[in-house]
Amino acid sequence: MASKILRKLHPATLGLVLALVTVAVLLALGRGQRQGEAEEGVTPTVGTPGVAGATPTAGTPSAAAGTPVPEAEATGGGCAFSQAPTTYEGPKDRSLYRNAAELAAFNMLLPGDTYFGLPPLEAGLRGSRTTSATASIPPVLLKSIAWIESSFTQASQQVPFEAIGPALVSFDCGHGIMQVTSGMTSPLGERGYPSPQQALVATHFAYNIARGAAILADKWNSAPEHRPIAGTDTGGDPAIIENWYFAVWSYNGFTGPGANRSNHPMDPIYGTWPRVSYSCGPTSDGLGHNRGNYPFQELIFGCASHPPQVDGVNLWAAQPVDLPDLNDPRWREPLKLENFVYPYDKMDIATPRQPSGGYHPATPGVTPTPYPTGYVPPTPFSYPFAVPTPTPRPTSPATPQASPASSGVVGHRDPTQRPPTSLRATMFGTPGLSVSTSAIRISYSPETGAGSTTLTIKNTGTGILSWLAIPSAPWVVASPMAGVAAGPDLSCAPSSPCERTATLTISVDPTRLPPGTNQATLTILAPGINRSYAVTVTTTAVIRIGVPGVTHN
Amino acid sequence: MAPPLRLARLLAAAILVAGVAFGLWQLAGGIAGNPADLLPSAGAPPASGSARIVINEFGIEADTLWVAPADKPSQRQVVAVVPHAAHYGIYATLSPDGRYIAYTALSPGLRDASSDSPAEVRVMGADGSYPRLLTTDADLLIAPVWAPDSASLVFRRSQSRENAAGTFELVRVSLADSGQAAAGPVESTLVTAEAGLFPVGFSPDGERLYYTQVSAAGTELGQVAAGGGSPSLLAHLGDDFTRDWHLSPDGARLAFLAPQQSQAGTVLRAMVMELNGTFQLRPALPAADRPAQDFNPIWHPKDGDLTLGRLTLGDASAPAMRVDASGLQPLEAPSQGFDVPLAWSPDGSTLALRSFQGDLESEAGPWHLVLLDAEGQRREVKTESEISFVGWAASGK
């Protein structure tokens, strides 16, 4: 048939057809090649540059209402949970989380709790530190950290606001709003299971923020033994935002020079110099937005000064915060590379501040650093020209204007008022635990495979009920191991996945199942309210041994 | 008529078979799997004779690479839209021949990215065609460094450690190898150290890679054979952080910034080190009579002269300075603020620079990308969000 058609075609037409066929084949193959390219990446559908004018299709933050929430996400192993627990994501305006951050900053969320409460903050200079039980964290720092770490979200990016879905767990086991990593990199509970504290950090925004605040406070208190002090001229007062410079730096990590997380402001790993201030505001504001260009503490201070907007509204009032003036020996000398060595005991600095209207003169008494080894003085090299005299500023002479230092006001304080005590109740509600059954039975045989069943966990009260399922035997598998059941007082967006009753699938791990009938207990813990519920799990394994047809129960 | 018709049919069939076979062969990677082989016209310059810039405009979830003629920067065209992990943009460089763009990026699927998340390195034609993944565990913040022949590049890989230096590697990838091995591109680790490594650039003949090594002892300059071998430290650049290292076109000198004490405190001064064996180190300029900061000393591609930014306290505006045998030549100044040079065009006629509106390094204010031509005309490259300069594309001449 094909040969008949070819025979009837004019040679020129035939050539044209052949050329078109060849082009079509090449185009088709070319499309296949691009798809193949994409498959090389970590994720098949993203990460490949689009063609000219293409619109990116991935990386969108919270999906629109009605978008189905993916099944529980694997955390990549090595974290506290092998599968991300479920959590509740609050309203888009972050009002719930902002309130929690302010309560946490003033130690009003879980005071006295050794894990979630703030420790007394130290103040003073090296060698004369004292503690204050009433000191607090500037709230704007917690809010800025929450935004930088997670965009102030507790759940995975695919979970809409006012909905329930998998918790946000990063590749390095950072959990939730504050991206709590410390204590979340492996299960720390009994018999290798996650601990109740880990469940609370992963599932409940208030515990997560409280834990993040406690970690930041620990970073503050790690000076002077393991970290430098900022604020040597202000008594290391924790009420001054700038004095948190090293604590915030430390929240992200103190690594060596040149490292990706060096966070040293002079490190060449941050490639653009000079840097404009970082901003969490609109990308059109003329400031910096690419986070890779900034040390972590500059991200946080910049975000405090240039807050993010949600639907055109600032999430908090812009809070001026100064960075160290790196020309001034008061900051530059301690930050010299030779001092950037654990335990960083030569890096203590005055309260960071910027020059205003001109450079500060060198501080009297500071000995200039000798020229580096190998430096050849310029005398052997003669410049065959004169340096032209710069044109002076026409209007204002180079007279330094009043700076915070010279005006006697050093640093900035967060004006956020201590929240009312009643606000705390709205963070936690009064959850109640109810489990659908006290006994379940699962049968298993090699022929039919593992059976499974479900049970439901209900919150009979209000707020978020965080739960954790801990089996007494390794062959009982609960999925997910932790999650939430939401009370009726929590808002759910229309069409969003927001099943208030948690469903838990119970199955058996055949590789760990002893022969015969087995019984174990699955304990449903509600660590936030110190309640638990025991569910008896009974299973019968049908194992064939020897000649087919002979069954041993 | 029959024999000619049969001949035509045979010829047509042969064309079809050859065309399909050729297409399959091309798409399979050609002879060497080099993007140049994949795409005969990859990155081919357009007919325009004007020098062109490639810039990257940051977006929260995707960056946009643009190309624009230097004399009409508003006439820009999209090269590629590159999705990335939210808030972390790409770090891109143009190959010396202007035909390819290599970049580091965090995968858009990465959850809660940070600057030390494992980054991808990709290469594509300068027109955005045929993106190719080279690796998935590079360091984001170090843009790839190209070999002079544009056939290979170096990226950095590291593992950070709390309160310690961490482990760093400089890894070379030959693009010509990248399509042959089923296992992926062939990598060779050139340098490994427990100190921060930064690739500086290749010698003009491509035989050596210069790098810096930063530790508490200061900044050292090192070199290693591009084909592999024992790396060696050549000179001590300073006891502190140094930065913005640039090799001269002839490979004989290294310019960089190093902190020095001055009347106004610590300032960054442009330094020049001879690489001809003496490793003599000198300031690029004599000290100004007033406190001054130097910025990003770069080399002119034709004359080998230095161009740098110098902000002197009290100046109404601070132009970039060109240092040549006849003296210090201030270039056309901004109406206010100060200029920081980025790169000269390959023909040396146009300078790309960052023009800051502030009058202090510590309060630099917003900045704009400006193209300064030989006549002193300043053309601003207008974008809606922050941009980074990727390089000068081939001129098309």
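Because the structure is predicted, anything quoted here is derived from the model rather than measured.

A. Highlighting the overall build of chain A. Each helix and strand counted, chain A has 10 helices and 18 strands in total. Sequence separation of at least 24 residues holds for 70% of the intrachain contacts in chain A that already meet a minimum separation of 6.

B. View of the overall build of chain B. Check the secondary structure of chain B and you find 2 helices and 29 strands. Taking the contacts inside chain B whose residues are at least 6 apart along the sequence as the reference set, 44% of them involve residues at least 24 apart.

C. Structural detail: the sheet that holds strand β1 (residues 52–57) of chain B. Residue and element names in this part refer to chain B. Read from one edge of the open sheet, 4 strands run β3-β2-β1-β29, paired in antiparallel fashion. This sheet does not close on itself; its edge strands, each paired only once, are β3 (77–83) and β29 (387–393). Taken pair by pair, the neighbouring strands of this sheet meet at an average axis angle of 20 degrees, ignoring direction.

D. Quick peek at the domain arrangement of chain A. All names here are of chain A. Domains assigned within chain A are domain 1 (86–339) and domain 2 (429–552). On a C-alpha basis, the centroid separation for the pair domain 1 and domain 2 is 36 Å. Contact residues are listed per partner, giving 19 residues for domain 1 and 22 residues for domain 2. For the side of domain 1 that touches domain 2, the elements supplying multiple residues, two or more each, are β1 (86–89), β4 (163–166) and α5 (196–203). The leading source of residues in the side of domain 1 that touches domain 2 is α5, at 5 residues.

E. Quick look at the sheet that holds strand β13 (residues 208–215) of chain B. Residues and elements named next belong to chain B. In spatial order, the strands read β12-β13-β14-β15; together these 4 strands make up an open sheet with antiparallel pairing. The open sheet has two edge strands, β12 (196–202) and β15 (232–238), and neither has a second partner. When strand polarity is set aside, the average angle formed by the axes of neighbouring strands in this sheet is 25 degrees. Pairing analysis gives 8 bridges linking β13 to strand β14 (residues 218–225), with the strands arranged antiparallel. Across the sheet, residue Y210 finds its bridge partner in β14, namely Q223.

F. A look at the pairing of strand β6 (residues 119–125) of chain B. Residue and element names in this part refer to chain B. For β6, a buried count of 7 out of 7 residues is recorded, marking the element as mostly surrounded by other parts of the structure. Strand direction decides the pairing type here: strand β5 (residues 100–105) and β6, joined by 6 bridges, are antiparallel. Following the sheet pairing, I101 is matched in β6 by M124. Examined bridge by bridge, β6 and strand β7 (residues 132–138) share 4 bridges and lie antiparallel to one another. Each bridged residue has a counterpart across the sheet, and for V121 the counterpart in β7 is T135. Between β6 and β7, which pair antiparallel one after the other, the connecting turn spans 6 residues, and G128 there sits at a positive phi close to 85 degrees.

G. Geometry of the nonpolar core. Among the nonpolar cores identified, the biggest contains 252 residues, and A100, I209, A213 and W467 of chain A together with V54 and I101 of chain B are the most heavily contacted of them. Mapping this core onto the domain boundaries places at least three of its residues in each of domain 1 (86–339) and domain 2 (429–552) of chain A. Residue contacts for V54 of chain B: discarding those within four places in its chain leaves L65, V67, V79, L94, I101, A126, V390, G391 and A393 of chain B.

H. Here's a closer look at the environment of G125 of chain B. If you trace the backbone, G125 of chain B turns up in strand β6. Between the alpha carbons of G125 of chain B and P297 of chain B there is a distance of 29 Å; along the sequence they are 172 residues apart.

I. Fine view of helix α6 (residues 205–221) of chain A. Over its 17 residues, α6 of chain A runs 24 Å from end to end, which matches the ideal 24 Å to within 8%, given 1.5 Å per residue. Here α6 of chain A lies mainly inside the structure; 15 of its 17 residues are buried.

J. The packing of helix α3 (residues 95–105) of chain A against helix α4 (residues 139–150) of chain A, seen in detail. Residues and elements named next belong to chain A. Where α3 meets α4, the axes come as close as 8 Å, and the angle between the chain directions of the two elements is 135 degrees. Considering their axes alone, α3 and α4 lie oblique with respect to each other. Seen from above, α3 lies across α4 with right-handed handedness. Contacts from Y97, R98, A101, E102, A104 and A105 in α3 reach P139, L142, K143 and A146 in α4. Grouping the constituent residues of the contact of α3 with α4 by class yields 7 nonpolar, no polar and 3 charged.

K. Examining unusual backbone geometry more closely. Residue and element names in this part refer to chain A. With an omega dihedral of 5 degrees, the bond running from A223 to P224 counts as a cis peptide bond. By secondary structure assignment, the location of P224 is in the loop between α6 and α7 (245–252). Here W273 and P274 are connected by a cis peptide whose omega angle stands at 0 degrees. By the element assignment, P274 lies in the loop between α7 and α8 (296–305). The backbone phi angle of Y344 is positive, close to 60 degrees, even though this residue is not glycine. The phi torsion at S495 lies on the positive side, around 70 degrees, for a residue other than glycine. Within the secondary structure, S495 is located in the loop between β13 (482–486) and β14 (502–508).

L. Spotlight on the confidence of the model for chain B. Residues and elements named next belong to chain B. Per-residue confidence for chain B averages 86 on the pLDDT scale, and 85% of its residues sit at or above 70. Considering only residues more than four positions removed or in separate chains, one finds that residues 20–48, a stretch of pLDDT under 50, has 61 contacts. Both scores are available for the predicted complex, with the pTM at 0.82 and the ipTM at 0.88.

M. The environment of T153 of chain A, seen in detail. Residues and elements named next belong to chain A. On the secondary structure map, T153 appears in the loop between α4 and β4. The sequence separation of T153 and A167 amounts to 14 residues, and the corresponding C-alpha distance is 9.1 Å. With residues near it in sequence (within four places) discarded, T153 still touches E89, L168 and I177.

N. Highlighting α3 of chain A. Residue and element names in this part refer to chain A. Most of α3 is tucked away, with 9 of its 11 residues classed as buried. Restricting attention to buried positions, one finds in α3 the residues L96, Y97, R98, A100, A101, E102, L103, A104 and A105. Against the buried residues of α3 lie α4, α6 and α10 (423–428). Phi turns positive one or two residues past the end of α3, at N107, with a value near 55 degrees.

O. Representation of the packing of α7 of chain A against α8 of chain A. Residues and elements named next belong to chain A. It is at 8 Å that the axes of α7 and α8 come closest, and there the two elements cross at 120 degrees. Seen along the crossing, α7 lies across α8 with a hand that is right-handed. The residues of α8 that touch α7, namely those facing Y245, V248, W249, Y251 and N252, are F296, Q297 and I300. Looking at the contact of α7 with α8 residue by residue, the class counts come to 6 nonpolar, 2 polar and no charged.

P. Layout of the environment of A247 of chain A. All names here are of chain A. Structurally, the position occupied by A247 is in helix α7. Taking the C-alpha atoms as reference points, A247 and D328, separated by 81 residues in sequence, lie 21 Å from one another. In this view, A247 contacts L216, K219 and W220; residues no more than four positions away in its chain are not counted.

Rules and cut-offs
- Residues numbered from 1 in each chain as written.
- Chains lettered and ligands numbered in written order.
- Predicted model: local features only at pLDDT ≥ 70, side-chain atom pairs only at ≥ 80, totals over all residues.
- Helix = DSSP H or I, 4+ residues; strand = E, 2+ residues; numbered from the N terminus.
- Contact = placed C-beta atoms within 7 Å.
- Pairing = 2+ DSSP bridges.
- Axes fitted to C-alpha atoms, helices over the stretch in contact; angles between N-to-C directions.
- Domains from an automatic or database assignment.
- Buried ≥ 20, exposed ≤ 12 C-beta atoms within 10 Å, placed from the backbone.
- Core = buried A, V, L, I, M, F, W, Y, C linked by C-beta atoms within 7 Å.
- Expected span 1.5 Å × (residues − 1).
- Parallel < 35°, antiparallel > 145°, perpendicular 65-115°, else oblique.
- Left-handed = near helix turned anticlockwise from the far one by under 90°.
- Nonpolar A, V, L, I, M, F, W, Y, C, P; charged D, E, K, R; others polar.
- pLDDT = per-residue confidence, 0-100.

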